[in-house]
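Listed below are the residues making up each chain.
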Amino acid sequence: MSSPAVGLVNWLVTLLVGPHALPRMDLSLGIPQKLRTLVVVPSVLNSPENVADLLEGLEIRYLANRDANLYFGLLADLADAKQEVMPGDEPLLTAAGQGIEALNEKYQDNIFYLFPRQRMWNQEEGIWRGYERKRGILGELNALLRGGKKNSFSRITGDESILPGIKYVITVDEDTRMPYDSARLLVETMAHPLNRPRFDEHKQYVVEGYSI
């Protein structure tokens, strides 16, 4: 379907179907510790300028969402390569790690994280890259938060003692902005009993509720 046709269908849907707001909790007094949330940005470290932009974007998202029990991290893959380790890897990893440490020092709190992965051999494409890219790195993060091993995360910058208490993960693309208090509004919606996803063990997928 062409882009104009998709745009037309989307426009017609907005005319024919009214919006339905999901119920949400009232967390105007702050996100409680039991609902600790980690906002992550899947990204690829490919240049010093790129690292600086990613760190700046992470800080901007934090400044618009300064709630307690809300944390921010970069899920970082290295660029595809013909070998597992490239000469330029270490400077990029060091710059990203030091940037995260500088942000934590600047705001005098353990808010920011860096989760960099090692490359793995991709037999089909004959190249070294992060396993399954975005889907893979999110899967490994969720496994880590649930008590699993670090898998291919080569090093983690940030207070790891906080990670087992993370309840929700919000994924944001590199070019996606987070408006003021938007993270808390998402947590309010995810935490409401009517919106909680219900997983069917037999069907092996979510049959009720919502997952963000």
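Residues numbered from 1 in each chain as written. Predicted model: local features only at pLDDT ≥ 70, side-chain atom pairs only at ≥ 80, totals over all residues. Heavy atoms only, no water.

Participant: What am I meant to see in the nonpolar core here?
Facilitator: The nonpolar side chains of a soluble globular protein tend to be buried, and buried together. Grouped together as the largest cluster of nonpolar side chains are 33 residues, with contacts concentrated most on Leu45, Phe72, Phe112 and Val187. When residues of this core are traced back to their parent elements, those giving at least two are strand S1 (37-45), helix H2 (48-64), strand S2 (70-78), helix H3 (89-106), strand S3 (112-116), strand S6 (168-171) and helix H5 (182-191). Core analysis: the next-biggest nonpolar cluster, separate from the first, contains 17 residues, Val40, Phe115, Leu144 and Val169 among them. (Core = buried A, V, L, I, M, F, W, Y, C linked by side-chain atoms within 4.5 Å. Buried < 20%, exposed > 50% of the residue type's maximum accessible area, 1.4 Å probe, protein only. Helix = DSSP H or I, 4+ residues; strand = E, 2+ residues; numbered from the N terminus.)

Participant: Explain helix H4 (residues 133-145) to me, please; I cannot follow it from the model alone.
Facilitator: It helps to recall that an α-helix has 3.6 residues per turn; residues three or four apart then point in one direction. Along its 13 residues, H4 runs 18 Å from first to last C-alpha, staying within 8% of the 18 Å computed at 1.5 Å per residue. Those residues of H4 lying buried are Gly136, Ile137, Leu138, Glu140, Leu141, Leu144 and Leu145. Just downstream of H4, Gly147 is the residue with a positive phi angle, here 100°. (Expected span 1.5 Å × (residues − 1).)

Participant: When you look at the pattern of salt bridges in this model, what are you seeing that I'm missing?
Facilitator: A side chain of one charge can pair with a side chain of the opposite charge when the charged atoms of the two come close. One pass over the full model with this rule turns up 14 salt bridges. Where Asp77 meets Arg117, a salt bridge forms, and the shortest distance between an N and an O atom there is 2.9 Å. Pair noted here: Asp77 is in strand S2 and Arg117 is in the loop between S3 and strand S4 (120-122), with a separation of 40 residues, a long-range link. Like Arg117, Asp77 is buried. In this structure, Glu140 engages Arg117 in a salt bridge whose closest nitrogen and oxygen atoms are separated by 3.0 Å. (Salt bridge = Lys/Arg side-chain N within 4 Å of Asp/Glu carboxyl O.)

Participant: What is the right way to look at the sheet that holds S1 in this model?
Facilitator: Whether parallel or antiparallel, the strands of a sheet pair through hydrogen bonds between backbone atoms. The sheet built from four strands is open, its strands ordered S3-S2-S1-S6 with parallel pairing. Each edge of the sheet is formed by a strand with only one pairing partner; in this case those strands are S3 and S6. The mean inter-strand angle of the sheet, taken between neighbouring strand axes irrespective of direction, is 30°. Here S1 runs beside S2; their pairing, made up of nine bridges, is parallel. (Pairing = 2+ DSSP bridges. Axes fitted to C-alpha atoms, helices over the stretch in contact; angles between N-to-C directions.)

Participant: Explanation requested: the layout of surface pockets in the structure shown.
Facilitator: The gaps of empty space that remain are located by a probe, the size of a water molecule, rolled over the atoms. Empty space within the second largest pocket amounts to approximately 180 Å³. It is H3 that contributes the most residues to the lining of the second largest pocket, three residues altogether. Across the lining of the second largest pocket, the residue classes break down as five nonpolar, two polar and six charged. (1 Å grid on protein atoms, 1.4 Å probe; cavity = no way out; pocket = protein on both sides within 12 Å on 5 of 7 lines; lining within 4 Å. Points joined across faces, edges and corners; volume = space filled by probe spheres on them. Nonpolar A, V, L, I, M, F, W, Y, C, P; charged D, E, K, R; others polar.)

Participant: So what exactly am I meant to see when it comes to the packing of H2 against H3 here?
Facilitator: To describe two helices that pack against each other, one gives the angle between their axes and the distance between the axes. In the contact formed by H2 and H3, the axes pass within 10 Å of each other and the chain directions differ by 25°. Relative to H3, the element H2 lies roughly parallel. For the pair H2 and H3, the crossing hand works out as right-handed. Where H2 abuts H3, its residues Pro48, Val51, Leu55, Leu58 and Glu59 lie against Leu92, Ala95, Ala96, Gly99, Ile100, Leu103 and Lys106. By residue class, the composition of the contact of H2 with H3 is nine nonpolar, one polar and two charged. (Parallel < 35°, antiparallel > 145°, perpendicular 65-115°, else oblique. Left-handed = near helix turned anticlockwise from the far one by under 90°. Contact = heavy atoms within 4.5 Å.)

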